[in-house]
Amino acid sequence: DAKTTQPNSMESNEEEPVHLPCNHSTISGTDYIHWYRQLPSQGPEYVIHGLTSNVNNRMASLAIAEDRKSSTLILHRATLRDAAVYYCILRFWNSGNTPLVFGKGTRLSVIA
Amino acid sequence: DGGITQSPKYLFRKEGQNVTLSCEQNLNHDAMYWYRQDPGQGLRLIYYSQIVNDFQKGDIAEGYSVSREKKESFPLTVTSAQKNPTAFYLCASSQREGQNYGYTFGSGTRLTVV
């Protein structure tokens, strides 16, 4: 799987939007972009994934650049419960159960 | 509710002892995985299994062993050969087929060697 680059940490005020960036300049046309987050002392949880078009679900939105070399996870209104480490992961479309490879992610702090 | 259960939540082991971490899922998922996480680090893959009675080594399999005798269960044994076993261990499962299926993780077992 191609590599991703994320900032080590970010900070946000409560109830403000948060934009978490991810660079993946070596992405191939068949790589999906997945996001997971890990709350303190818990296992990661799936957040969202996409290929080319922007995606929305109840947790977040995923904005994908037109050239697909970067993407942004958007939390529309940060809450204290959103404080976590966020992982951006690329997966080949036909990876089957080739295991996910986690980097260090971005640690998001939310200030009340 | 379907989910994945890891036990125990905290485990203490004396040096030189083997210890087995439990992972059970009732999601009917084919694939299961074990990851290790050290403080401030990402997850590293230990072993994974795509189907019953089959498993593959991950990036850091040395000092660990697994079995997959039942679809629902994927226990991990940390042997005395593992030089630095103190860590947070995470088990996950997923559907076998399909890019669009995410992983479901357990809540982890924190192992401390004393």
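Summary of the structure given here. On a predicted model such as this, the values are computed, not experimentally measured, just so you know.

### So, the overall build of chain B
Okay, so step 1: Of regular secondary structure, chain B possesses zero helices and 11 strands.
Okay, so step 2: Of the regular secondary structure in chain B, the N- to C-terminal order runs β-β-β-β-β-β-β-β-β-β-β.
Okay, so step 3: The C-alpha atoms of chain B give a radius of gyration of 13 Å, which matches the 13 Å a tight globule of 114 residues would have.
Okay, so step 4: Across the 114 residues of chain B, 47% fall into the buried class.
Okay, so step 5: The contacts of chain B with a sequence gap of at least 6 include a subset with a gap of at least 24, amounting to 54%.

### Things to note about the pairing of strand β4 (residues 31-37) of chain B
Residue and element names in this part refer to chain B.
Okay, so step 1: Among the seven residues in β4, seven count as buried, and that is most of the element.
Okay, so step 2: Sheet topology places β4 next to strand β9 (residues 87-94); seven bridges connect them, and they run antiparallel. Its bridge partner being in β9, Gln37 is matched across the sheet by Phe88.
Okay, so step 3: Strand direction decides the pairing type here: β4 and strand β5 (residues 43-51), joined by six bridges, are antiparallel. Across the sheet, the residue bridging to Met32 is Ser49, located in β5.
Okay, so step 4: Between β4 and β5, which follow one another and run antiparallel, lie five residues, and Gly40 among them has a positive phi close to 75 degrees.

### Focus on the sheet that holds strand β8 (residues 76-78) of chain B
Residues and elements named next belong to chain B.
Okay, so step 1: With antiparallel pairing, four strands are arranged side by side in an open sheet as β1-β3-β8-β7. If you trace the sheet from one side to the other, it starts and ends with β1 (4-7) and β7 (64-66), each paired once. Each strand axis lies, on average, 20 degrees off the axis of its neighbour in the sheet, ignoring direction.
Okay, so step 2: Of the pairings in the sheet, the one linking β1 to strand β3 (residues 19-25) comprises four bridges and is antiparallel in character. By the bridge assignment, Gln6 is partnered in β3 with Cys23.

### A short note on the pattern of salt bridges
Okay, so step 1: Counting across every chain of the model gives six salt bridges over all chains.
Okay, so step 2: For Asp38 of chain B, the salt bridge is made with Arg44 of chain B, and the minimal N-O distance between the two is 2.8 Å.
Okay, so step 3: Three or more residues are tied together by salt bridges with common partners; here these are Arg37, Glu45 and Asp82 of chain A.

### Concerning the interface of chain B and chain A
Okay, so step 1: Facing 24 residues of chain B, the contacting portion of chain A comprises 24 residues.
Okay, so step 2: Buried surface at the junction of chain B and chain A, both sides included, amounts to about 1,800 Å², of which 47% is carbon and sulfur.
Okay, so step 3: Scanning the region where chain B abuts chain A turns up zero salt bridges.
Okay, so step 4: For the pair chain B and chain A, the number of links is five residue pairs in polar contact (both at pLDDT 80 or more).
Okay, so step 5: Elements with a contribution of two residues or more to the side of chain B that touches chain A: β4, β5 and β9 of chain B.
Okay, so step 6: Residue composition of the side of chain B that touches chain A, by class: 10 nonpolar, 11 polar and three charged.

### So, the sheet that holds strand β2 (residues 18-23) of chain A
Residues and elements named next belong to chain A.
Okay, so step 1: Taken in spatial order, the four strands of this open sheet run β2-β7-β6-β5, and their pairing is antiparallel. Each edge of the open sheet is held by one strand with a lone partner, namely β2 and β5 (55-56).
Okay, so step 2: As defined by bridge partners, β2 adjoins strand β7 (residues 70-75) across six bridges and the pair is classed as antiparallel. The residue bridging His19 from the neighbouring strand is Ile74, located in β7.

Definitions and limits used
- Residues numbered from 1 in each chain as written.
- Chains lettered and ligands numbered in written order.
- Predicted model: local features only at pLDDT ≥ 70, side-chain atom pairs only at ≥ 80, totals over all residues.
- Heavy atoms only, no water.
- Helix = DSSP H or I, 4+ residues; strand = E, 2+ residues; numbered from the N terminus.
- Rg over C-alpha atoms; globule rule 2.2 N^0.38 Å.
- Buried < 20%, exposed > 50% of the residue type's maximum accessible area, 1.4 Å probe, protein only.
- Contact = heavy atoms within 4.5 Å.
- Pairing = 2+ DSSP bridges.
- Axes fitted to C-alpha atoms, helices over the stretch in contact; angles between N-to-C directions.
- Salt bridge = Lys/Arg side-chain N within 4 Å of Asp/Glu carboxyl O.
- Buried area = accessible area lost by both parts, 1.4 Å probe.
- Polar contact = N/O pair within 3.5 Å; in protein donor to acceptor, adjacent residues only side chain to side chain.
- Nonpolar A, V, L, I, M, F, W, Y, C, P; charged D, E, K, R; others polar.

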